[in-house]
Amino acid sequence: MDLTGVARYTPSAIADPAKEAAVLAPIIDQDGEPVILFTKRSEQLGDHPGQMSFPGGGREPSDADLQATALREADEEIGLRPDESEVVGRIDDIETVTRYIVRPFVGRIPDREYTPDEYEVAEIVRLPVAELTDRTNYESEHREHPHYGPIRIHFFHVADYTVWGATGRMLAQLLELTTDWEIPPEADRVVDADADLPV
């Protein structure tokens, strides 16, 4: 995994200060192999309960900028101190179904144990990049979105976890920038707007 692809990338930005948010995509060198840290969101959260995500959340007035938001949220959610993260760059802003504009930052973090926030995080999960880039663990679908029209949804299945939704979109771009993995030109299927999604 070559993070210089992120460092050199010029990301797109979406301006909407009313609903700004940021996340950190944390990369760990675990025994010489890259893994990406995710959180499994608590079932008691109002937005996206139980889904896989990167540490992050909404910008607070005290945050100097959106990078500070991402680092503060990572501290609150998994106990990653801001000075422990080496932010190498960021990828494209995205808009979520809850209308937040999310700015994803990418950073190297230490290989140590992290402590989940008992309210927000059900589990901290490390997924190997080698398994995330295994084509047999990936699928995608086209569906009609009520707000955005036709969209492509990415699904990464590793062990008992599925990364999809906004985090799946971010992960797909991150892997394209840092590995040989590419989004296949065609989706695996086209589904109706009301087709079931992972819980």
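Below is a short write-up of the structure. Treat the numbers as computed from the prediction; the structure is a model and nothing was measured.

Quick look at the side chain of Glu 141 now. Within the secondary structure, Glu 141 is located in strand β9 (residues 138-145). Among the polar contacts made by the side chain of Glu 141, one reaches the side chain of Arg 189 at a distance of 2.9 Å.

Turning our attention to the nonpolar core. The biggest cluster of nonpolar side chains holds 30 residues, and the ones touching the most others in it are Ile 36, Phe 38, Val 106, Leu 127, Leu 132 and Phe 156. Of all the secondary structure elements, the ones that give two or more residues to this core are β1 (20-30), β2 (33-41), β7 (101-108), β8 (121-128), α3 (129-132), β10 (149-158), β11 (161-163) and α4 (165-178). Broken down by element, the residue count for this core peaks at five residues, all from α4. Beyond its immediate sequence surroundings of up to four residues, Leu 132 is in contact with Ile 36, Phe 38, Leu 127, Phe 156, Val 158, Leu 171 and Leu 175.

This model, assessed by the stated rule, comprises 16 salt bridges. The salt bridge partner of Arg 90 is Asp 93, with a shortest N-O separation of 3.3 Å. Each member of the salt-bridge network shares a partner with another, and the members are Asp 63, Arg 72, Glu 73 and Glu 76.

The next point concerns the pairing of β1. Of all 11 residues in β1, eight are buried, a share of seventy percent or more. When β1 meets strand β4 (residues 56-58), the two strands line up antiparallel, connected through three bridges. Within the sheet, the bridge partner assigned to Ala 21 lies in β4 and is Gly 58. Looking at chain direction, β1 and β2 are connected through four bridges and run antiparallel. Paired with Asp 29 across the strands is Pro 34, a residue of β2. Joining the antiparallel neighbours β1 and β2 is a turn of two residues, in which Asp 31 adopts a positive phi near 55°.

Looking now at unusual backbone geometry. Positive phi outside glycine occurs at Asp 31, with the angle close to 55°. Unusually for a residue other than glycine, Ala 159 sits at a positive phi of about 55°. Tracing the backbone shows Ala 159 in the loop between β10 and β11. Of the residues examined, Ala 159 reaches a relative accessible area of 70% and is grouped as exposed.

The first and last C-alpha atoms of helix α2 (residues 66-78) sit 18 Å apart over 13 residues, in line with the 18 Å expected at 1.5 Å per residue. Of all the residues in α2, the buried ones are Leu 66, Thr 69, Ala 70, Leu 71, Arg 72, Glu 73, Ala 74, Glu 77 and Ile 78. Here the buried face of α2 lies against β1, β2, β4, β5 (86-90), β7 and β8. At the N-terminal boundary of α2, the capping side chain belongs to Asp 65, with an oxygen 3.3 Å from the backbone nitrogen of Gln 67. Gly 79, located one to two residues past α2, shows a positive phi value of around 80°.

Here we come to the packing of aromatic side chains. Scanning all chains against the criterion turns up five aromatic pairs. Seen in terms of ring centroids, Tyr 138 and Phe 156 are 5.1 Å apart; in terms of plane orientation they differ by 55°. Their pairing is tilted. Of the two residues, Tyr 138 is situated in strand β9 and Phe 156 in strand β10; the sequence distance between them amounts to 18 residues. By the burial criterion, Tyr 138 is buried, and Phe 156 matches it. These aromatic residues form a ring-pair network of at least three members: Tyr 138, Phe 156 and Trp 181. For Lys 19, the ring lying beneath its charged end belongs to Tyr 100, and the centroid distance is 4.5 Å.

Residues separated by three or four positions in an α-helix point in the same direction, a consequence of the helix having 3.6 residues per turn. Here α4 spans 20 Å end to end across 14 residues, near enough to the 20 Å set by a 1.5 Å rise per residue. Here α4 lies mainly inside the structure; 10 of its 14 residues are buried. What α4 keeps buried is the set Gly 165, Thr 167, Gly 168, Met 170, Leu 171, Ala 172, Gln 173, Leu 174, Leu 175 and Thr 178.

Quick notes on the rules
- Residues numbered from 1 in each chain as written.
- Predicted model: local features only at pLDDT ≥ 70, side-chain atom pairs only at ≥ 80, totals over all residues.
- Heavy atoms only, no water.
- Helix = DSSP H or I, 4+ residues; strand = E, 2+ residues; numbered from the N terminus.
- Polar contact = N/O pair within 3.5 Å; in protein donor to acceptor, adjacent residues only side chain to side chain.
- Core = buried A, V, L, I, M, F, W, Y, C linked by side-chain atoms within 4.5 Å.
- Buried < 20%, exposed > 50% of the residue type's maximum accessible area, 1.4 Å probe, protein only.
- Contact = heavy atoms within 4.5 Å.
- Salt bridge = Lys/Arg side-chain N within 4 Å of Asp/Glu carboxyl O.
- Pairing = 2+ DSSP bridges.
- Expected span 1.5 Å × (residues − 1).
- Phe/Tyr/Trp six-rings, centres within 6.5 Å; stacked < 30°, edge-to-face > 60°.
- Lys NZ or Arg CZ within 6 Å of the ring centre and 35° of its normal.

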